[in-house]
Amino acid sequence: MAGAEGSEGEQPSRKRRRRPRRRKPKPTAAGAVGTPATAAPAAAGRSGRARSKAASAKRRANPPKPKGKKTPDRARRIPTQKEVSAGGVLYRSDGGGGIEVVLASRRTRRGDLAWGLAKGGIEPGETREEAAIREVREETGLEAEIEADLGDTKYIYVWEDVRIRKTVHFFLMRHTGGDVEDRDDEMEEIRWFPLERARKRAAYRGERDVLARAAELLG
């Protein structure tokens, strides 16, 4: 019985609580233990941005050639020729102390009427002065004498797929006679203009500059 008493007086022992076992993380779709499922799309996004930056850098290093513009190789294939002409600023007194000069009009390829100075090509065996007097007479029907050199103008244009580098020598000429009705048919009209008005009426900048030099010489 003593054993029973001792058994009744003994405090019951407390049971230890078991700690829950930590579950091991399951492998993700990317195959890495403990990696969140969103890691793979994020990595793919970073990789896509890197490829995009690389492509942009490549485009900046090699920009596309603009359409519609001639390449240097194509431009070099166009043949080039040089032409030299001569002409004149033909002037006379208007009777009142002023100066008048002659302008000739002709049609451009677009059909527009352009006013300009008489000029033309230098023929074999001619000097610049001889060519200038002849061209003024042919294009205007008027006779003239050279008084001064007005220098030249230079410009480039394309005619029938040929690049033309043109130089025109101009001279100041005094009117001595002739009749405008004896001009070439290519000139539509020959007209005397006050010098300042002629400078504004001339169609081409180079010839306006020549008229300005003539105005300085004529005072």
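Look above for the structure.
The notes below deal with the structure included here. (Residues numbered from 1 in each chain as written. Predicted model: local features only at pLDDT ≥ 70, side-chain atom pairs only at ≥ 80, totals over all residues. Heavy atoms only, no water.)

Here we take up the overall build of the protein chain. Scanning the protein chain from terminus to terminus reveals six helices and seven strands. Taken over 219 residues, the protein chain has a buried fraction of 27%. Put simply, of all contacts in the protein chain between residues at least 6 apart along the chain, 67% involve residues at least 24 apart. When the accessible surface of the protein chain is summed, it comes to about 16,400 Å², and 48% of that surface belongs to carbon and sulfur atoms. (Helix = DSSP H or I, 4+ residues; strand = E, 2+ residues; numbered from the N terminus. Buried < 20%, exposed > 50% of the residue type's maximum accessible area, 1.4 Å probe, protein only. Contact = heavy atoms within 4.5 Å. Areas by Shrake-Rupley, 256 points an atom, 1.4 Å probe, with all protein chains shown as cover.)

Here the focus is helix α4 (residues 128-140). Under the 1.5 Å per step criterion, the end-to-end length of α4 is 18 Å for 13 residues, consistent within 8% with the ideal 18 Å. Regarding α4, the residues found buried are A131, A132, R134, E135, V136, E139 and T140. At its buried positions, α4 is contacted by β1 (80-93), β2 (99-107), β4 (118-121), β5 (142-159), β6 (162-178) and β7 (189-194). (Expected span 1.5 Å × (residues − 1).)

Moving on, we get to helix α6 (residues 205-218). Taking 1.5 Å of rise per residue, the 14 residues of α6 would be expected to cover 20 Å, and the 20 Å separating its terminal C-alpha atoms lies within 8% of that figure. All buried positions along α6 are accounted for by E207, V210, L211, A214 and A215. Within α6, the buried residues cover an arc of 145° as seen down the axis, which keeps them to one side. More than 90 degrees from the buried face of α6, the exposed residues found are R205 and E216. (Arc of directions from axis to C-beta.)

Below, the discussion takes up a negative patch on the surface. A cluster of like negative charges, contributed by E129, E130, D149 and D152, occupies part of the molecular surface. If you list the elements that add at least two residues to the negative patch, you get α4 and β5. Inspection of the secondary structure assignment puts D152 in strand β5. By relative accessible area, D152 is classed as partly exposed at 33%. (Patch = residues over 30% accessible without salt bridge, like charges linked within 9 Å, V, L, I, M, F, W, Y side chains within 5 Å. Salt bridge = Lys/Arg side-chain N within 4 Å of Asp/Glu carboxyl O. Lys, Arg positive; Asp, Glu negative; His and termini not counted. Charge placed at Lys NZ, Arg CZ, Asp CG, Glu CD.)

Our next topic: the pairing of β6. Taken across its 17 residues, β6 has twelve buried, putting it largely inside the fold. The pairing of β1 with β6 spans twelve bridges and is parallel. Residue pairing across strands places V84 opposite T167, the latter belonging to β6. Inspection of the sheet shows β5 paired to β6 by 15 bridges, in the antiparallel sense. Bridging from a neighbouring strand, I156 pairs with R165 of β6. Here β5 folds back onto β6 in antiparallel fashion, the turn holding two residues, of which E160 has a positive phi close to 50°. (Pairing = 2+ DSSP bridges.)

Okay, the environment of R106 next. Mapped onto the elements of the fold, R106 is located in strand β2. Look at R106 and you get partly exposed, because its relative accessible area is 26%. A C-alpha to C-alpha distance of 7.5 Å links R106 and E189, two positions 83 residues apart in sequence. In contact with R106, other than residues within four places in its own chain, are D112, L113, A114, E139, E186 and M187. Polar contacts involving the side chain of R106 include one to the side chain of E139, which spans 3.2 Å. (Polar contact = N/O pair within 3.5 Å; in protein donor to acceptor, adjacent residues only side chain to side chain.)

Further remarks concern the nonpolar core. Core analysis: the largest hydrophobic core is formed by 18 residues, its most contacted members being V89, V101, L117, L150 and L211. Ranked by the residues each element gives to this core, the list is headed by α6, at four residues. Filtering out sequence-adjacent residues up to four positions away, L211 remains in contact with V89, V101, L117, L195, A198, R199 and A202. Core analysis: the second largest hydrophobic core is formed by 15 residues, L90, A132, V136 and W192 among them. (Core = buried A, V, L, I, M, F, W, Y, C linked by side-chain atoms within 4.5 Å.)

Across all of its chains, the model carries 14 salt bridges by this definition. For the salt bridge of E145 with R174, the shortest nitrogen-to-oxygen distance reads 2.7 Å. Note that E145 is positioned in strand β5 and R174 in strand β6, a separation of 29 residues in sequence. Note on E145: relative accessible area 43%, which makes it partly exposed. With a relative accessible area of 33%, R174 lands in the partly exposed category. Where R174 meets E147, a salt bridge forms, and the shortest distance between an N and an O atom there is 3.2 Å. Note that R174 is positioned in strand β6 and E147 in strand β5, a separation of 27 residues in sequence.

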